[in-house]
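Given next are the chains, with one letter for each unit.
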Amino acid sequence: MFPELKFSEAQILDYCDSVTPEAVEVSLAKDRCDYFDLLNLISPAAAVYIAAMRKRSTLARRRYYGKTVSVYAPLYISNTCVNSCKYCDFNIHHRAERKILTLDEIRREGEAVRKNGIDSLLIVAGEDPKHMTVDFLCEAGRMLRKIFSYLALEVAPQDEAGYRELFAAGYDGVTCFQETYDPNLYRELHPAGPKGDYTYRVWTQQRAGKAGFRTLGMAFLLGLAPWRSEAASLAAHAIYLMRECFQSKIQFAFPRITPVSDGFQPGHPVGDAELEQMMLAFRIVFPECCMTVSTREAPEFRDRIVRSCADNMSAGSRVTPGGYAVLADRDVAQFTLNDSRSPAAVYDAIRRNGQEVVFKNWDSRIGL
Ligand code: SF4
């Protein structure tokens, strides 16, 4: 569980099992929900209240985000990695074709993404301390900042000094998936490499927040452990960060594990209905927080979920380094994409939902 959470997994699951329909109705009627309302809304008893949760979540979403959906794209700049995460095709033992983009290739990729109208970019790289140094990421950031209004990072966790340098280079957001909040399972799934340090990873967002980062992205990988206890930890982690890094905004993601080539099987797969229940619950309890919906999900699910809870989605994603322009014909992906629509098709679907596509909602000059 999240280290600051004073309940065990068994206590959380017992509480969820004991929630009554009346308790769910009380939570749904509240104007401002707390931690226990989240537990009520993710409980088995709430599963039959999905229609009411959708209605309540849609109102909360509209209050903070209106009828808008922000779009972004990930840019994979490397797939080399020294870690051995058992659920990932980029792990060091996997015989994938490896590619580290040069600064010139990163620029070409960025320009190709920008041509689709995207103005927010998420830089993604495996953990490779030799090549993906703070200096290299800063150089890439300074270059890409001339092309994009908003840059975020999903790379190896850094110390606070590193985050200060990266923030100064033009990055505004940091995303780090905890994968699982269960320390024992975490050790089992990350048997070697620096990512094996649970404690260092779990405090990543706090270091980034202290360094000035405006958006702190967080998630667990759905399918590794029972989702209700992981969601309880994620919520506790978010509440902790909202207090400790109150200048920053929390961004939730709910990535479901997708098939990898060596056949890793998740022990606790999460179905569509459960995923939707969890996302609705988070939107109701954390109405002001950002929420993104992954390209791991099918188009129908994504289009539905941005009406009721998510405010942010990727469009036209490629999860291969060089996938937009440099090596557009290759496919060395980190995970399986379930939404392969073009950016234009995603924008069309958003507009057909009666929503407006937002390409730019931030410029760092606003923060000066
Ligand atoms: S999940 Fe990330 S850290 Fe783990 S092997 Fe894949 S790229 Fe490396």
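One can find the structure itself at the top, above this paragraph.
Criteria and thresholds
Residues numbered from 1 in each chain as written. Predicted model: local features only at pLDDT ≥ 70, side-chain atom pairs only at ≥ 80, totals over all residues. Heavy atoms only, no water. Helix = DSSP H or I, 4+ residues; strand = E, 2+ residues; numbered from the N terminus. Rg over C-alpha atoms; globule rule 2.2 N^0.38 Å. Contact = heavy atoms within 4.5 Å. Salt bridge = Lys/Arg side-chain N within 4 Å of Asp/Glu carboxyl O. Buried < 20%, exposed > 50% of the residue type's maximum accessible area, 1.4 Å probe, protein only. Near = heavy atom within 4 Å. Nonpolar A, V, L, I, M, F, W, Y, C, P; charged D, E, K, R; others polar. Phe/Tyr/Trp six-rings, centres within 6.5 Å; stacked < 30°, edge-to-face > 60°. Lys NZ or Arg CZ within 6 Å of the ring centre and 35° of its normal. Polar contact = N/O pair within 3.5 Å; in protein donor to acceptor, adjacent residues only side chain to side chain. Pairing = 2+ DSSP bridges. Right-handed = clockwise from strand over helix to strand, strands pointing away. Axes fitted to C-alpha atoms, helices over the stretch in contact; angles between N-to-C directions. Left-handed = near helix turned anticlockwise from the far one by under 90°. Core = buried A, V, L, I, M, F, W, Y, C linked by side-chain atoms within 4.5 Å.

A.B. asks: Which residues make up the overall build of the chain, and what values do they have?
C.D. replies: Looking only at helices and strands, one finds 14 helices and nine strands in the chain. Whereas a compact globule of 368 residues would reach a radius of gyration of roughly 21 Å, the chain reaches 19 Å, a difference of no more than 12%. Principal axes of the C-alpha set define a box for the chain whose edges measure 60 × 45 × 40 Å. In the chain, 75% of the contacts between residues at least 6 apart in sequence involve partners at least 24 apart.

A.B. asks: An account of the pattern of salt bridges is needed here, citing residue identities and associated values.
C.D. replies: Scanning all chains against the criterion turns up 19 salt bridges. Glu 297 is paired through a salt bridge with Arg 256; the nearest N and O atoms lie 2.5 Å apart. Here Glu 297 is found in the loop between strand E7 (290-293) and helix H13 (299-308), whereas its partner Arg 256 is found in the loop between strand E6 (249-253) and helix H12 (272-285), with 41 residues between them in sequence. There is no split in this pair, since Glu 297 and Arg 256 are both buried. Among the charged side chains, a network of salt bridges with common partners joins Arg 302, Asp 303, Asp 339 and Arg 341.

A.B. asks: A description of the site of the ligand should follow, citing residues and the corresponding values.
C.D. replies: Not every one of the nine residues close to the ligand is listed here, only the nearest: Cys 81, Asn 83, Cys 85, Cys 88 and Asn 91. Of the residues assigned to the shell around the ligand, the class counts are four nonpolar, four polar and one charged.

A.B. asks: Pulling in residues and values, what's your account of unusual backbone geometry?
C.D. replies: Although it is not a glycine, Glu 179 adopts a positive phi angle of roughly 70°. Counting through the fold element by element, Glu 179 comes out in strand E4 (residues 173-179).

A.B. asks: Report on the packing of aromatic side chains, specifying residues and quantitative values.
C.D. replies: For the structure shown, the criterion picks out 18 aromatic pairs. Pairing Tyr 163 with Phe 213 gives two aromatic rings, centres 5.6 Å apart and planes at 75°, and the pair type is edge-to-face. Of this pair, Tyr 163 sits in helix H7 (residues 160-168) while Phe 213 is found in the loop between helix H10 (204-210) and strand E5 (215-220), placing the two residues 50 residues apart along the sequence. What makes Phe 213 buried here is its relative accessible area of 1%. The ring of Tyr 200 carries Arg 207 above its face, with NZ or CZ at 3.8 Å from the centroid.

A.B. asks: With reference to specific residues and values, describe the side chain of Glu 230.
C.D. replies: You can see Glu 230 is positioned in helix H11 (residues 227-244). At 2.9 Å, the side chain of Glu 230 and the backbone nitrogen of Tyr 181 are in polar contact.

A.B. asks: So, the pairing of strand E2 (residues 120-125): which residues are in play, and what are the values?
C.D. replies: Most of E2 sits inside the fold, with six of its six residues counted as buried. Side chains Ser 120, Leu 122 and Val 124 of E2 all project onto a buried face; the interleaved residues Leu 121, Ile 123 and Ala 125 project onto the opposite face, where all are buried too. Bridging between strand E1 (residues 68-78) and E2 involves five bridges; their strand directions are parallel. Paired with Tyr 76 across the bridge in E2 is Val 124. The β-α-β motif built from E1, the intervening helix H5 (residues 103-114) and the parallel element E2 has right-handed crossover chirality. Two elements, E2 and strand E3 (residues 150-154), share five bridges in a ladder whose sense is parallel. When the sheet's bridge partners are listed, Leu 122 is paired in E3 with Ala 152.

A.B. asks: Describe the packing of H5 against helix H6 (residues 134-144), listing the residues and the values that go with them.
C.D. replies: Put simply, H5 and H6 touch, their axes get as near as 10 Å, and they point 35° apart. In this structure, the crossing between H5 and H6 has a hand that is right-handed. Packed against H5, whose contacting residues are Leu 103, Ile 106, Arg 107 and Gly 110, the element H6 presents Phe 136, Glu 139, Ala 140, Met 143 and Leu 144 at the interface. Grouping the amino acids of the contact of H5 with H6 by side-chain chemistry returns six nonpolar, one polar and two charged.

A.B. asks: Mind laying out the nonpolar core, listing which residues take part and the relevant values?
C.D. replies: With 100 residues, the main nonpolar core has Met 53, Phe 252, Phe 254 and Phe 282 as its most contacted residues. Considering every element that reaches this core, the biggest residue donor is H11, with nine residues. Setting aside residues no more than four positions away along its own chain, Phe 282 makes contact with Leu 38, Ala 231, Leu 234, Ala 235, Phe 252, Phe 254 and Met 291. The next biggest cluster of nonpolar side chains, apart from the first, holds 18 residues, and it includes Leu 185, Leu 189, Ile 257 and Trp 362.

A.B. asks: Could you give me a rundown of the pairing of E4, with the residues and numbers involved?
C.D. replies: Of all seven residues making up E4, seven are buried, and the element is well covered by its neighbours. Of the strand pairs in this sheet, E3 and E4 are connected by two bridges, and their pairing is parallel. Across the sheet, the residue bridging to Ala 152 is Gly 173, located in E4.

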